[in-house]
Amino acid sequence: MLQGPETRASLIGKLNQPASEEVWMEFVSLYRPLVVRMALAKGLQHADAEDLAQDVFAAVRRSLETFEKRGRGSFRAWLFRITRNLVVNQLTRPQGPVGSGDSQMNQWLMQQPDRQNETASLFDHELRRQQFHVAADRVRSKCEPATWRAFWMTAVEGKSISTVAASLGKAEGAVRMAKCRVFARLQQEAQSLSSLWETEG
Amino acid sequence: MIARIGDDQHQRDRLHYDRQTLDDFLHDRLAARSEEVTRHIESCEDCQCVVEDMAEANLSWRDLAELLAEPEGTFVNGCAASPHGSASDDAAADQRSGQSDAASFLQPSRHPDSIGRFARYEVKQILGRGGMGIVMRAFDTSLGRHCAVKVLAPELACSAAARQRFSREAKSAAAVVHPHVVPIQTVDEHDGLPYLVMPVVDGPSLQQRVEHDGPLTAIEAVRIAAQIADGLSAAHQQGLVHRDIKPANILLENSVERVQITDFGLARAVDDASMTRSGVIAGTPQYMSPEQAHGDAIDHRSDLFSLGSVMYFMLTGRSPFRAETTMGVLNRIGNDDPRSLREINADVPAWLDAIVMRLLSKNPDQRYQCSSEVAQLLKGWQAHLLDPTRADAPEPQRPTSLRANVTGSGRKIGNTLPWFLAAGVFGFFVWAATIIILQTDHGTLRIDSHADENLPIVIRKGDEVVDELSVTREGASIQVKSGSYIVEIVGDVDGFEVQNNAVVIKRGATHVAKIVETKPAGNAQTDVIMQTPDRSQPPKLSPFTRMEFQGAQVLVTYRSEQYELLEIDRFAIQDLVKQTQEHFGRSWKKRLSEDLVEVLWKLGNFPGESVHLKLKRLDSGKVVSGEAKMTEANRHALYRDNAHNQAEGRSVEDYFHTVLAGNTSVKADAVPLDEFLDKLSEQHRIPIILDRNSLKQAGITSNVNVSIEMKNVSLRMVLNIALAKVGCKYEVKNEIIRVFAAPKP
């Protein structure tokens, strides 16, 4: 679970405070794979996708200095917002491969992505996927392995309740309920991730 | 709480719970009687239906399945969560993550205490994984004994040349039989992977010993050094050079403390497999000889230099040439005098200091000439130390002329050129007497004169005189293209010094002149590009949608048809290939295909939106030519195609990418950046080099502190997080991983 105090501007203060460093590490761990995946989905070669991720997070990091001045919402949400804008803008530009384009960083930060934009919706879709993958990872570690397998085999792999019940040696009702209860936990986990990182506090 | 829908208390299955209870059940909020409720619901289909409905309220089962389905091949990042249900999925994810492929070549084993099987060996444990090979502790089932198996890293084994080289070197190493050399028992290949088998030596390495117990006494160091020299002489007699003598390769057998040298000749085998070009070395080459670090031909005397470094380490607990970065170490090996042993450890006798310093001569001619001589000498001293009354001290050492060699003063240097080495991107100076050889990627040479009279200077490229000038006190600047230049200074000067990439020429104590190379390449150039993208950045255009390389032929797809490419804008393809290779090194194929316009710009040719092509039909052999339009769309198609068609020939860079994608754990608490990178470099055996110039220009100090603590994330992620914090980024280029200041907006 993500824990820790809500990171408002007043709490965060300067970057060199350990609390904000932890948020930063957690933030990059969470969203870097997402950025890379987005870039790959937009047709970049792997090395270029990695480079894009570096540029994005370097720019985010740089703009941390300005957080205090503009910080209204939570620190996490702010991180998320500028990252999303950066990625969407970078990947919306016409040609596929992307130079470092650093001089445009400021512009990107200012720009609001177009809601209708195809890249933006791809981002949001990938983000949702990301949330569920991360949530799944967390929920799985807290479940009985058999419960998790009952869920995974029925809900994700699409196997029938009876097959799974037979293969796990469990009652069908138990499998069916395991599926529901894990699903519910998963949604809760995804929701808490989303409200911690992605919504204005 | 319980809604009795059925009245008959005996028909328990008709008894249902209300929505609130079911919701609590679904969300694990049941406080009381949860077992009873669970038992009921799990056997009551009606309740189950309600729960299922509730679970689906915000997100359908179908959407969930879609969200959690593996997005095709995109969860490649080492840190991606792997929330897969089955073990096979996990294994697949692990393989992709790059780290656990250390053992991916193992076959399953039936032995419970074995992690897998390789040929006839039951593998018990992976002892270590360097960049080049994997060492495993294993049990030889047919001979019934324990052994160490060393396998060439699978990613290097895809090159036939590398495999042959590994096998050949391992076989010649196997021919060395000596009590102080770990014997190689078997050299073989299994499933296309060459491997060798050695006995398990029970005991610490010299590295561990010194790290654990601190510096050794003189007598202990002499004993060990004598045995190393003895082992080396057996190999040298067979014409085999170890090439990687370092404390970690010296094993001290438990109880008897017999010294055994391991990994004979393998350095050469892996050198060839991984790094074909000179000048760039994986890991921290602290024990390398100058000629080795410089990429020159080496002979057995290189091992003697390394022996000197190892002795230095034994007596002081540190290697003689330490610096914060690999490049720093290389520089120091080439240029610096090590600090005297006696300054660090006053207990070291003068004669021992002299022996070590002679071994550490930059010039191989001034070291001892053979290892048996060293072994003899050390044994003599050992006997004397053990019993001074019975054994006489060996002849005192002649003082060496070491100091005269390294400072570069005077003209008698002959073939012992001190040098300054930097990896490809930084330029490369070598100087001797009054001639300075300068290797540059094109830039400006700035010469400042401090002399009272004008300083006559001649700049040549090959036999051609590029410029002949007289430098006044105002100084002079000369534009130079890439290549090697000889800068000749006419007049009396008697010393040189390298300071921050500048050559300072001295006469006595005064600076006569200073030569600095300023380069438009790197960040400066990038900045310019950023400001005026239209003019200074070559557009990403191409007439082709695909480019392939078959032997000397370049095949292109132009308007959906494949041709052999003969000429672009009057440049014969052979010339173009050659020039691209010169400019871009190993990545030339990628650059020629993807950055065609940039390549042409480099050659002084600035095409607009079209180029003149000469193509040969593959079927009829007919040659066609004409103007071809270049488009972004073509180039993009080619770029995407390249991701696939260039995957075969694995380059060093690809290998680095694999390592970068692998998982790692780091903990650094306010560690200076340079040290931090050195550690990562060493740990993963990849060259991560800090571009100090770039940092300096950006006003970042190279010892800015890094704090990071992460477990099981990709090395990329670690670099990303740590570097972004200090305003830096990395790139994999020219066979190194370069860390530089991220350009500012």
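Residues numbered from 1 in each chain as written. Chains lettered and ligands numbered in written order. Predicted model: local features only at pLDDT ≥ 70, side-chain atom pairs only at ≥ 80, totals over all residues.

Student: Just to check I follow, could you spell out the overall build of chain A for this structure?
Tutor: Across its full length, chain A holds ten helices and zero strands. Secondary structure elements of chain A occur, N-terminal to C-terminal, as α-α-α-α-α-α-α-α-α-α. Counting all 201 residues of chain A, 48% fall into the buried class. (Helix = DSSP H or I, 4+ residues; strand = E, 2+ residues; numbered from the N terminus. Buried ≥ 20, exposed ≤ 12 C-beta atoms within 10 Å, placed from the backbone.)

Student: Got a minute to help me understand the overall build of chain B in this structure?
Tutor: Looking only at helices and strands, chain B has 26 helices and 30 strands in total. By the burial criterion, 39% of the 745 residues in chain B qualify as buried. Residue pairs at least 24 apart in sequence account for 63% of intrachain contacts in chain B once pairs closer than 6 positions are excluded. (Contact = placed C-beta atoms within 7 Å.)

Student: Looking at this structure, how should I read the nonpolar core?
Tutor: Formed by 106 residues in total, the largest nonpolar core has its most connected members in V35, A39, V56 and F183 of chain A together with V51, V718 and V739 of chain B. Taken together, domain 1 (2-63) and domain 6 (654-741) of chain B each give at least three residues to this core, which thus spans both. Excluding its chain neighbours within four sequence positions, the residues that come into contact with V51 of chain B are M177 and C180 of chain A together with L22, F25, L26 and I41 of chain B. Ranked by size, the runner-up nonpolar core spans 78 residues in total, among them A153, V182, V259 and L315 of chain B. (Core = buried A, V, L, I, M, F, W, Y, C linked by C-beta atoms within 7 Å. Domains from an automatic or database assignment.)

Student: How should I be thinking about the sheet that holds strand β27 (residues 688-690) of chain B in this particular structure?
Tutor: Working definition: the strands of a sheet are paired by backbone hydrogen bonds and lie parallel or antiparallel to each other. Residue and element names in this part refer to chain B. One open sheet accounts for three strands, arranged β27-β30-β29; its pairing is mixed. The open sheet has two edge strands with one neighbour each: β27 and β29 (728-733). Strand-to-strand twist of the sheet, defined as the mean angle between neighbouring strand axes without regard to direction, takes the value 30°. Together, β27 and β30 (736-741) form the strand contacts of helix α24 (residues 673-684), whose direction differs from that of β27 by roughly 165°. (Pairing = 2+ DSSP bridges. Axes fitted to C-alpha atoms, helices over the stretch in contact; angles between N-to-C directions.)

Student: For this particular structure, what's the right way to read the confidence of the model for chain A?
Tutor: Atomic detail in the predicted coordinates should be set aside for any region of low pLDDT. All names here are of chain A. Looking at chain A, the pLDDT average stands at 73 and 70% of residues meet or exceed 70. Per-residue pLDDT, averaged within each element of chain A, yields its smallest value for helix α1 (residues 9-12) (38) and its largest for helix α8 (residues 145-156) (90). Below a pLDDT of 50 lies the segment residues 1-16, which in the model reaches 22 contacts outside its immediate sequence neighbourhood of four places, other chains included. Low pLDDT (under 50) marks residues 94-116, which in the prediction has 43 contacts with non-local residues, meaning those over four places away or in another chain. (pLDDT = per-residue confidence, 0-100.)

Student: So what exactly am I meant to see when it comes to the environment of C147 of chain B here?
Tutor: Assignment of secondary structure puts C147 of chain B in strand β6 (residues 145-152). Sequence-distant contacts of C147 of chain B, defined by excluding residues within four places in its chain, comprise A138, D140, Q185, V197, M198, P199 and V200 of chain B.

Student: Looking at this structure, I do not really get the interface of chain B and chain A. What am I missing?
Tutor: Facing 52 residues of chain B, the contacting portion of chain A comprises 54 residues. If you list the elements that add at least two residues to the side of chain B that touches chain A, you get α2 (34-43), α3 (45-55), α4 (61-68), α17 (523-531), α22 (632-645), β28 (705-714) and α26 (715-725) of chain B. Top element by residues in the side of chain B that touches chain A is α26 of chain B. It accounts for six residues. Of the residues that constitute the side of chain B that touches chain A, the class distribution is 28 nonpolar, 14 polar and ten charged. (Nonpolar A, V, L, I, M, F, W, Y, C, P; charged D, E, K, R; others polar.)

Student: What exactly am I supposed to notice about unusual backbone geometry here?
Tutor: With glycine set apart, most residues show a phi of negative sign, and most peptide bonds adopt trans. All names here are of chain B. Located in the positive-phi region is R243, a residue other than glycine, with phi close to 75°. Looking at where R243 falls in the secondary structure, it is placed in the loop between α8 (218-237) and β9 (250-252). Overall, R243 belongs to the buried group, with 23 C-beta atoms counted inside 10 Å.

Student: Just to check I follow, could you spell out the packing of helix α9 (residues 161-168) of chain A against helix α10 (residues 172-197) of chain A for this structure?
Tutor: Two packed helices can be described by the angle between their axes and the distance between those axes. All names here are of chain A. It is the contact of α9 with α10, at a shortest axis distance of 9 Å, that shows an interaxial angle of 110°. Taken as axis vectors, α9 and α10 run roughly perpendicular relative to one another. Here I161, S162, V164, A165 and L168 of α9 come into contact with α10, specifically with E172, V175 and R176. Split by residue class, the contact of α9 with α10 holds five nonpolar, one polar and two charged. (Parallel < 35°, antiparallel > 145°, perpendicular 65-115°, else oblique.)

Student: Got a minute to help me understand the packing of α8 of chain B against helix α11 (residues 300-316) of chain B in this structure?
Tutor: Residues and elements named next belong to chain B. Two elements in contact, α8 and α11, have axes separated by 10 Å at closest approach and are oriented at 165°. One element, α8, and the other, α11, form an angle in the roughly antiparallel class. Considering only the axes of α8 and α11, their crossing is right-handed. Two secondary-structure elements touch here, α8 through A221, I224, A225, I228, A229, L232 and H236 and α11 through H300, D303, L307, V310, M311, M314 and L315. When the residues that make up the contact of α8 with α11 are grouped by side-chain class, the tally is eleven nonpolar, two polar and one charged. (Left-handed = near helix turned anticlockwise from the far one by under 90°.)

Student: Teacher, can you tell me more about α24 of chain B here?
Tutor: For the α-helix, the turn length of 3.6 residues means that residues three or four positions removed from each other point alike. Residues and elements named next belong to chain B. Its twelve residues place the ends of α24 16 Å apart at the C-alpha level, agreeing with the 16 Å of an ideal helix rising 1.5 Å per residue. Restricting attention to buried positions, one finds in α24 the residues L673, D674, F676, L677, D678, L680, S681 and H684. Phi for R685, located one or two positions after α24, is positive at around 55°. (Expected span 1.5 Å × (residues − 1).)

Student: Help me out: how do you make sense of the confidence of the model for chain B in this one?
Tutor: Residues and elements named next belong to chain B. For chain B, the mean per-residue pLDDT works out to 73, and 70% of the residues sit at or above 70. Scored below 50 in pLDDT, residues 269-284 shows 51 contacts in the model against residues more than four places distant or in partner chains. Every residue in residues 520-535 scores below 50 in pLDDT, and together they form 20 contacts with partners more than four places removed in sequence or on other chains. On the interface metric, ipTM, the complex scores 0.72, and its pTM is 0.43.

Student: In this structure, what is going on with the environment of V37 of chain B? I would like to understand it.
Tutor: Residues and elements named next belong to chain B. With respect to the secondary-structure elements, V37 resides in helix α2. Judged by the 19 C-beta atoms lying within 10 Å of it, V37 is partly exposed. Taking the C-alpha atoms as reference, V37 lies 9.6 Å from H16; in sequence the two are 21 residues apart. Contacts of V37, omitting those with residues within four sequence positions, involve Y17, T21, F25 and L30.

Student: Even after reading the chapter, I still don't get α4 of chain B, so can you show me in this structure?
Tutor: Within the sequence span of α4 of chain B, burial applies to L64, L67 and L68 of chain B. All buried residues of α4 of chain B lie within an arc of 85° about the axis, which places them on one face of the element. Check the buried side of α4 of chain B and you find it contacts α7 (118-142), α8 and α10 of chain A. (Arc of directions from axis to C-beta.)

Student: What should I look at first to understand the pairing of strand β21 (residues 553-558) of chain B in this one?
Tutor: On any regular strand, side chains alternate: one points to one face of the sheet, the next to the other face. All names here are of chain B. One ladder, built from five bridges, connects strand β20 (residues 546-550) with β21; its direction is antiparallel. Of the residues in β21, the one forming a bridge with F549 is V554. Taken together, β20 and the strand that follows it, β21, pair antiparallel across an intervening segment of two residues, in which G551 is found at a positive phi of about 60°. Here four bridges tie β21 to strand β22 (residues 561-568), and the two strands are oriented antiparallel to one another. Within β22, the position partnered with L555 by the bridge is E564. Hairpin connection, β21 to β22: the antiparallel pair is bridged by two residues, and R559 has positive phi, about 45°.

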